[in-house]
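The lines below spell out each chain.
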Amino acid sequence: MEKPKPLGDVSGLDPLFEHRARLAACVLLAEHGEVSFARFKQWLDMTDGNLGAQLRKLEDAGYVQLRRDFAERKPITWYGLTETGRLALDRHLKHLRDLIGRVGG
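Residues numbered from 1 in each chain as written. Predicted model: local features only at pLDDT ≥ 70, side-chain atom pairs only at ≥ 80, totals over all residues. Heavy atoms only, no water.

Draft legend 1. Geometry of the overall build of the chain. When helices and strands are counted, the chain shows 4 helices and 3 strands. Reading the secondary structure of the chain in the N-to-C direction produces α-β-α-α-β-β-α. Every one of the 105 residues in the chain was classed for burial, and the buried ones make up 29%. With the model as given, the accessible surface of the chain reaches about 7300 Å², and the carbon-plus-sulfur share is 53%. (Helix = DSSP H or I, 4+ residues; strand = E, 2+ residues; numbered from the N terminus. Buried < 20%, exposed > 50% of the residue type's maximum accessible area, 1.4 Å probe, protein only. Areas by Shrake-Rupley, 256 points an atom, 1.4 Å probe, with all protein chains shown as cover.)

Draft legend 2. Up close: unusual backbone geometry. The phi dihedral of Asp45 falls on the positive side, at around 55 degrees, and the residue is not glycine. When you line up the elements, Asp45 lands in the loop between α2 (37-44) and α3 (48-60). By relative accessible area, which is 67% here, Asp45 ends up exposed. The backbone phi angle of Arg73 is positive, close to 65 degrees, even though this residue is not glycine. With respect to the secondary-structure elements, Arg73 resides in the loop between β2 (64-71) and β3 (74-81).

Draft legend 3. Fine view of the packing of α2 against α3. Direction vectors running N to C along α2 and α3 enclose 110 degrees, while the axes themselves pass 10 Å from each other. Between α2 and α3, the interaxial angle falls into the category roughly perpendicular. The two elements α2 and α3 meet at a crossing, and its hand is right-handed. Residue-level contacts link Phe37, Phe40, Lys41 and Leu44 of α2 to Asp48, Leu51, Gly52 and Leu55 of α3. (Axes fitted to C-alpha atoms, helices over the stretch in contact; angles between N-to-C directions. Parallel < 35°, antiparallel > 145°, perpendicular 65-115°, else oblique. Left-handed = near helix turned anticlockwise from the far one by under 90°. Contact = heavy atoms within 4.5 Å.)

Draft legend 4. How the structure looks around the pairing of β3. Bridge count for strand β1 (residues 34-36) against β3 is 3 bridges, and the pairing is antiparallel. Bridging across to β3, Val35 finds its partner in Tyr79. As paired strands, β2 and β3 are joined by 8 bridges and run antiparallel to one another. Each residue of the ladder has a partner; that of Arg67, found in β3, is Trp78. (Pairing = 2+ DSSP bridges.)

In short, the description is geometric, and any link to function would need to be established separately.
So this is what it looks like as structure tokens:
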């Protein structure tokens, strides 16, 4: 009987993406370029406080940047993926694909 291949180095999985909201936010940013806080809140179905905390962790890590704007005198916070964030997301997704590929998915 053949021994299974070792799982390998799971350090390729980025701990910042272990929370579903942080991973989803970066995927949405990679897809859409820039997303407002209000749109994130709608798409991810999260409270202001929880969403803000998750986006702050990404910002603190340098994965996202924000800019503030006004529309009809109302403040809007926009988020964008940084180059560092894009590279981290790409590495994380590649490692996930590799792991999933081991079970034929």
